[in-house]
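Chain by chain, the residues:
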Amino acid sequence: MKYEKDPLLLQILDKNRESIVYFQKADGIPPVQVDPDYAEEPIYNKIGTGFFVESDKVLTTIDVIADGVEVTASFSNQFETEGVITPDDFMRLMKKKYNRPPDKRTPPKINEDTILTIEGVTAFDPKNNLVLLKVAETGTPLQLGNSDSVLLDELVYILGHFEDIGALGMAGKVAGKFRNNTWLQIKTLFFTEACGGPILNTDNEVIGVAAFGTDFIHEDESITHSIVITSNLIRSLLSNSEEVIPLEQWQKYSRVRAYVIESEADEFAEQHDNMPALQKYNDALKLNPDIVSIYTKRGKIKTRLGNMAGALRDFNKAIEYNPNDAITYNNRASAKGALGDIQGMQDDLNKALQVNPNYILGRLNRGQAKCMMAEFEIEDEDIDAAQRLYKEAIDDFIKILQLNPKHSFARKRLRFVERIAKKLKLMKKVTGKSS
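Remember, it's a predicted structure, so these values are computed and weren't measured experimentally.

**Details of the side chain of Asn 129**
Here comes step 1: Residue placement: Asn 129 occurs in the loop between strand E6 (118–125) and strand E7 (130–135).
Here comes step 2: Separated by 3.3 Å, the side chain of Asn 129 and the backbone oxygen of Ala 211 make a polar contact.

In structure tokens:
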């Protein structure tokens, strides 16, 4: 898929740069062999985004600043940017970044003149991953729009930062509303460092903040998305702003520490270190059962461990929170299939593709499931039913190749199923047997 640059997005990015804040966290002291110049300085990484909502208040997400030896916030306009780049360009730059060995990656520099003095937390919402910071400096607040007026398929823009690129804007469309319209799902090539960044409409009004999402580096870009906490919840947070809590004290609150534990669990999960990941997810939910992103993650870990009944319960919970998540429907289909619920598996795969017809993995799994069901029909000597199922599987594999002509596995499966379908047709012609 080729992407075009959006001129309006470029205008919005340039217009709002003085309102955007760039967060860095010091997570430790680098080894001397990486770069002697940094031997006595902390490593700044895990970049996030925030933005001014009042002249002395910055909004971001809890997980951006919940941990770290030192949290640093800087005005966005200190960083150069290539302007608005397409997702194709972004992916190319990302591959270049991660192909560099760790000792060749230079920690980003901070311009001391643009650092903000974080006086502390003046309000936070641990259920919705929002935190409001009081800063000593003055910034230009962004205008909050009315998130209740947001429409499905409406064009929106997500602004954030990326370590090797600087200020960055991405376009997306509203794909769903849930949790009584307080959360939105945005179809976009999400990048993790945009967490805490504003989501703006074409009138340059904030309609929400990026809370979490499916990272753009997922092999199936058709399902990458951001979950957005709406601007009306931001207004509620502003109205509850009270006395300032020092950041170090706030980070010790149990419902805040739950976000740190979730991040630790994510690191174990990425390494397929499943038992420690599971324990960490359990610990995080005990402290804060409202971190809904954990349910899907924990369900995936339980699937790896063979606990399909437990995985099913977690996927059910995740879908209860967000009925528009194609990924979770796909994951739940796998759990149902393993538990012998073939019809339930098929229903969930159909639902995943109803939510997102271009979801490649969901379509691949549905094609595979059709083939499995066709084999059962052959065993029952119902050739007509088997032929129908194989035809539906072929249609799914063809659609995948239309979306991604380089999908080699789908091409192999298509050829294999086409050969079987021809054999069934010949067998039916010779024997005259259909069912």
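**Comments concerning a positive patch on the surface**
Here comes step 1: Residues Arg 411, Arg 415, Arg 419 and Lys 423 make up a contiguous surface patch of positive charge.
Here comes step 2: Among the structural elements, Lys 423 can be located in helix H14 (residues 408–431).

**Thoughts on the packing of aromatic side chains**
Here comes step 1: Counted under the stated rule, the structure contains 5 aromatic pairs.
Here comes step 2: Ring centres of Trp 183 and Phe 212 lie 5.8 Å apart, and the angle between their planes is 75°; this geometry places the pair in the edge-to-face category. Highlighted residues: Trp 183 in strand E10 (residues 183–187) and Phe 212 in strand E12 (residues 206–213), separated in sequence by 29 residues.
Here comes step 3: Centre to centre, the rings of Tyr 295 and Tyr 321 are 6.1 Å apart; their planes meet at 25°, and the pair counts as stacked. Separated by 26 residues along the polypeptide, Tyr 295 in helix H8 (residues 293–304) and Tyr 321 in helix H9 (residues 308–321) bring together distant segments of the chain.
Here comes step 4: In this structure Tyr 295 comes out as buried when scored by relative accessible area, which is 9%.
Here comes step 5: Among the aromatic residues, those joined into a cluster by ring pairs are Phe 124, Trp 250 and Tyr 253.
Here comes step 6: The ring of Trp 183 carries the charged tip of Arg 179 above its face, separated from the ring centre by 4.5 Å.

Rules used throughout
Residues numbered from 1 in each chain as written. Predicted model: local features only at pLDDT ≥ 70, side-chain atom pairs only at ≥ 80, totals over all residues. Heavy atoms only, no water. Helix = DSSP H or I, 4+ residues; strand = E, 2+ residues; numbered from the N terminus. Polar contact = N/O pair within 3.5 Å; in protein donor to acceptor, adjacent residues only side chain to side chain. Patch = residues over 30% accessible without salt bridge, like charges linked within 9 Å, V, L, I, M, F, W, Y side chains within 5 Å. Areas by Shrake-Rupley, 256 points an atom, 1.4 Å probe, with all protein chains shown as cover. Salt bridge = Lys/Arg side-chain N within 4 Å of Asp/Glu carboxyl O. Lys, Arg positive; Asp, Glu negative; His and termini not counted. Charge placed at Lys NZ, Arg CZ, Asp CG, Glu CD. Phe/Tyr/Trp six-rings, centres within 6.5 Å; stacked < 30°, edge-to-face > 60°. Buried < 20%, exposed > 50% of the residue type's maximum accessible area, 1.4 Å probe, protein only. Lys NZ or Arg CZ within 6 Å of the ring centre and 35° of its normal.

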